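Letter by letter, the chains look like this.
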Amino acid sequence: QVQLVESGGGLVQAGGSLRLSCAASGNIYRINAMGWYRQAPGKQRELVASITNGGTTNCADSVKGRFTISRDNAKNTVYLQMNSLKPEDTAVYYCNADIARGFGPNESHYWGQGTQVTVSS
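Residues numbered from 1 in each chain as written. Predicted model: local features only at pLDDT ≥ 70, side-chain atom pairs only at ≥ 80, totals over all residues. Heavy atoms only, no water.

A. Seen up close, the sheet that holds strand β1 (residues 2-7). With antiparallel pairing, the 4 strands of this open sheet are ordered in space as β1-β3-β8-β7. The open sheet is flanked by β1 and β7 (67-72), the only strands paired with a single partner. Across the sheet, the mean angle separating the axes of adjacent strands is 15 degrees when strand polarity is ignored. Bridging between β7 and strand β8 (residues 77-82) involves 6 bridges; their strand directions are antiparallel. (Pairing = 2+ DSSP bridges. Helix = DSSP H or I, 4+ residues; strand = E, 2+ residues; numbered from the N terminus. Axes fitted to C-alpha atoms, helices over the stretch in contact; angles between N-to-C directions.)

Encoded structure:
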């Protein structure tokens, strides 16, 4: 069994910062890509940022220059540093990870439970 547990969400004023963390635990052999998605009320879930196990990152245009994704492979943890937050960043943020539970190419996609980020104007 594999679990992704997020932390760090909350309420912040526009222009403020938050740091999200997501730790993976359980029967893990290898973690490949990790990332963050978000879903605002009435909208589809969208990719915010992703990072490979080699450290290559990708960010949505809407957050470039404001959000930074990073990971600590020794801790099976991915982070999202969010600066210069805007009201339109308000959403539930979900962590995800592609995890292999044994040797070989097979991997499964796992999601965290989500953490609420609310940015007030």
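After that view, the rundown keeps rolling.
B. Representation of the side chain of Glu-6. Within the secondary structure layout, Glu-6 lies in strand β1. Only 2.6 Å separates the side chain of Glu-6 from the backbone nitrogen of Cys-95, close enough to count as a polar contact. Reaching out from Glu-6, the side chain makes a polar contact with the backbone nitrogen of Gln-113 at a distance of 3.1 Å. Sequence-distant contacts of Glu-6, that is, excluding residues within four places in its chain, are made with Ser-21, Cys-22, Trp-36, Tyr-93, Tyr-94, Cys-95, Gly-112, Gln-113, Gly-114 and Thr-115. (Polar contact = N/O pair within 3.5 Å; in protein donor to acceptor, adjacent residues only side chain to side chain. Contact = heavy atoms within 4.5 Å.)

C. Layout of the pairing of β7. Here β7 shows a buried face lined by Phe-67, Ile-69 and Arg-71 and an unburied face lined by Thr-68, Ser-70 and Asp-72. The antiparallel hairpin formed by β7 and β8 contains 4 residues in its connecting segment, where Asn-76 sits at a positive phi of about 50 degrees. (Buried < 20%, exposed > 50% of the residue type's maximum accessible area, 1.4 Å probe, protein only.)

D. Layout of the packing of aromatic side chains. The tally for this structure, following the rule as stated, stands at 3 aromatic pairs. Centroid distance Tyr-29 to Phe-103: 6.3 Å. Interplanar angle 85 degrees. Geometry classified as edge-to-face. Taken together, the residues span a long stretch of sequence, with Tyr-29 in the loop between β3 (18-26) and β4 (30-39) and Phe-103 in the loop between β9 (91-100) and β10 (108-111) at a distance of 74 residues. Given the relative accessible area of 46%, Tyr-29 is considered partly exposed. (Phe/Tyr/Trp six-rings, centres within 6.5 Å; stacked < 30°, edge-to-face > 60°.)

E. Layout of unusual backbone geometry. Of note, the phi angle at Asn-76 is positive, near 50 degrees, even though the residue is not glycine. Relative to the elements of secondary structure, Asn-76 occurs in the loop between β7 and β8. Residues other than glycine seldom take positive phi values, yet Ser-84 does so here, at roughly 50 degrees. Turning to its location among the elements, Ser-84 is positioned in the loop between β8 and β9.

F. Spatial organisation of the environment of Thr-68. Relative to the assigned elements, Thr-68 resides in strand β7. Here the alpha-carbon distance between Thr-68 and Asn-58, two residues 10 residues apart in the chain, equals 9.4 Å.

Limitation: the analysis is restricted to geometry and does not speak to function.
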